Amino acid sequence: MLFSLIFTFLILVFDVQAKSKERSLTAQLLEEYCVSGRPVLNDSTAVDVSLGVTLQSIENVDESAGSLTGYYWLNLEWRDEYLTWQGWDILDGQTSDIRLRTEDIWLPDIEIYNMIHREDLRTRDMVVVSSDGSVVWIPSYKITSSCEMDTTFYPFDEQSCLLKFGSWVYNGWKLTLKLSDMSMDISTYLTNTAWDLISAEGKLNTVQYECCPEPYLDITYTIKLRRRTTPTGIKQEHTGSKDSKDEHTTEKEQTDDTQLCDTIDEGEKRAEFEAQLKRDYEEKYLKEVSELEEKYQIEISSLQEKVSKLQAKC
């Protein structure tokens, strides 16, 4: 009995010590930490920030307002040279990472340049910090961004909406951006009922202005959407006898054939619409060219007449 009590007491002591070591580590790391200063030991060193985006869903495409609303997870990674504890004896190798509140450390000021509205989806944000100073931050947002709409081919139109990410106050010498992947992560994307997602590719851009020698970086994602036009068809419930399987199968085949015919008919209508639109544009442009040529000939004739009169006077 006495041995059991001593054993339990030792376990509790070691458990408290282990917890206190992690608490001591957190306290020491943040003791003289400056949240407004870039986390580099050398001021000439740029902070390398890797950006990735997970597209969860598209909530709304507002053509009249020219906006796109969606749910996104950002994946931001960088190294903080003031949050390292490799080689410290304080944890004896027991802890390889800790969790810290976002308000306690420096964060990259990555903003969406064409953002209309942003809603945080989490009430409390945390980051994961590894012993080598690597920081991982995954905030989640509902974002409404501006999007230039082109409905020329409505209802068979495709839209390309941009999301432009970049630092608000740092140039490329202070903070460098890197693409973690060439496109958004759509592995958990929820299908939209009105729009098909074609692609969501990203591109790293470097802009150099004439006024300033330093570069400015941004990562722009292009979300390509296609309006859904194919009718889904209405599934009719069979109310006959449960034993009439053949009749039910025949009705299902007829429904499938009807949906297939609707799809083929819709494709033919789309092709006919695009061909007619092309003819209308060609006719319009040819008419405009003809009018310009006629106007040009009139102006040339008028000019030649004026020249002839001048020559006669001279």
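Residues numbered from 1 in each chain as written. Predicted model: local features only at pLDDT ≥ 70, side-chain atom pairs only at ≥ 80, totals over all residues. Heavy atoms only, no water.

So what exactly am I meant to see when it comes to a nonpolar patch on the surface here?
On the surface, a cluster of nonpolar side chains totalling about 370 Å² of accessible area is made up of Tyr113, Trp168 and Val169. Locating tryptophan 168 in the fold gives a position in the loop between strand E9 (158–167) and strand E10 (175–179). (Patch = residues over 30% accessible without salt bridge, like charges linked within 9 Å, V, L, I, M, F, W, Y side chains within 5 Å. Areas by Shrake-Rupley, 256 points an atom, 1.4 Å probe, with all protein chains shown as cover. Salt bridge = Lys/Arg side-chain N within 4 Å of Asp/Glu carboxyl O. Helix = DSSP H or I, 4+ residues; strand = E, 2+ residues; numbered from the N terminus.)

How should the sheet that holds strand E12 (residues 215–227) be read in this particular structure?
Two modes of strand pairing occur in sheets, parallel and antiparallel, and in both the strands are linked by backbone hydrogen bonds. Sheet architecture is open: four strands sit in the order E4-E9-E12-E11, paired in antiparallel fashion. If you trace the sheet from one side to the other, it starts and ends with strand E4 (110–112) and strand E11 (195–208), each paired once. Here the average twist between neighbouring strands, direction ignored, is 20°. Sheet topology note: the E11/E12 ladder contains 13 bridges and is antiparallel. (Pairing = 2+ DSSP bridges. Axes fitted to C-alpha atoms, helices over the stretch in contact; angles between N-to-C directions.)

I tried to follow the state of the cysteines on my own but got confused; where do I start?
Note on terminology: a disulfide is the covalent bond linking the sulfur atoms of two cysteines. Under the criterion given, the structure shown has one disulfide. The side chain of cysteine 147 participates in a disulfide bridge whose partner is cysteine 161; the two sulfur atoms lie 2.0 Å from each other. Its torsion about the S-S bond being -80°, the disulfide of cysteine 147 and cysteine 161 is classed as left-handed. Of this pair, cysteine 147 sits in the loop between strand E8 (140–146) and E9 while cysteine 161 is found in strand E9, placing the two residues 14 residues apart along the sequence. Cysteine 161 sits in the buried class, given a relative accessible area of 0%. (Disulfide = S-S within 2.5 Å. Buried < 20%, exposed > 50% of the residue type's maximum accessible area, 1.4 Å probe, protein only.)

Hey, could you run me through the environment of isoleucine 105 in this one?
As for its position among the elements, isoleucine 105 is in the loop between strand E3 (97–101) and E4. Residues isoleucine 105 and glycine 37 lie 68 residues apart in sequence; the distance between their C-alpha atoms is 9.4 Å. With sequence-adjacent residues up to four places away left out, isoleucine 105 is seen in contact with Leu30, Tyr33, Val35, Trp78, Leu83, Leu100, Val127 and Val135. (Contact = heavy atoms within 4.5 Å.)

Looking at this structure, I do not really get the side chain of serine 167. What am I missing?
Take serine 167: it is sitting in strand E9. Since its relative accessible area comes to 9%, serine 167 is described here as buried. Side-chain polar atoms of serine 167 contact the backbone nitrogen of valine 169, separated by 3.5 Å. Among all residues touching serine 167, those that are not within four sequence positions of it are Asp109, Ile110, Tyr113 and Leu175. (Polar contact = N/O pair within 3.5 Å; in protein donor to acceptor, adjacent residues only side chain to side chain.)

Would you mind showing me how to read the pairing of strand E6 (residues 126–130) here?
It is a general feature of regular strands that their side chains alternate between the two faces of the sheet. The side-chain alternation of E6 yields one buried face, formed by Val127 and Val129, and one unburied face, formed by Met126, Val128 and Ser130. In the sheet, E3 pairs with E6 via five bridges, with the strands oriented antiparallel. By the bridge assignment for E6, arginine 99 is matched with valine 128. By the bridge criterion, three bridges tie E6 to strand E7 (residues 134–137) in an arrangement that is antiparallel. When the sheet's bridge partners are listed, valine 129 is paired in E7 with valine 135. Turn length for the E6-E7 hairpin, with the two strands adjacent in sequence and antiparallel, is three residues, and the turn residue glycine 133 shows positive phi of about 95°.

Is there a simple way to explain the packing of aromatic side chains in this structure?
The geometry of an aromatic ring pair is captured by two quantities: the separation of the ring centres and the angle between the planes. Under the counting rule described, the total for this entry stands at five aromatic pairs. Here the aromatic rings of tryptophan 78 and tryptophan 106 are separated by 6.1 Å at their centres, their planes lie at 80°, and the arrangement is edge-to-face. Taken together, the residues span a long stretch of sequence, with tryptophan 78 in strand E2 (residues 67–79) and tryptophan 106 in the loop between E3 and E4 at a distance of 28 residues. Here tryptophan 78 matches tryptophan 106 in class, with each residue buried. Look at tyrosine 209 and tyrosine 216: their rings are 5.7 Å apart centre to centre, the planes differ by 65°, and that puts the pair in the edge-to-face class. The exposure class of tyrosine 209 is partly exposed, given its relative accessible area of 46%. Linked through ring pairs, Trp78, Trp106 and Tyr170 together constitute an aromatic cluster. A cation over a ring is seen here: arginine 118 above tyrosine 141, with NZ or CZ 4.5 Å from the ring centre. (Phe/Tyr/Trp six-rings, centres within 6.5 Å; stacked < 30°, edge-to-face > 60°. Lys NZ or Arg CZ within 6 Å of the ring centre and 35° of its normal.)

I keep staring at the environment of glutamate 158 and nothing clicks. Help me out?
Relative to the elements of secondary structure, glutamate 158 occurs in strand E9. For glutamate 158, a relative accessible area of 43% gives the class partly exposed. As a C-alpha pair, glutamate 158 and isoleucine 198 span 40 residues in sequence and 9.2 Å in three-dimensional space. Those residues in contact with glutamate 158, other than ones at most four positions away along the chain, are Asp150, Ile198, Leu225 and Arg226. Only 3.0 Å separates the side chain of glutamate 158 from the side chain of arginine 226, close enough to count as a polar contact.

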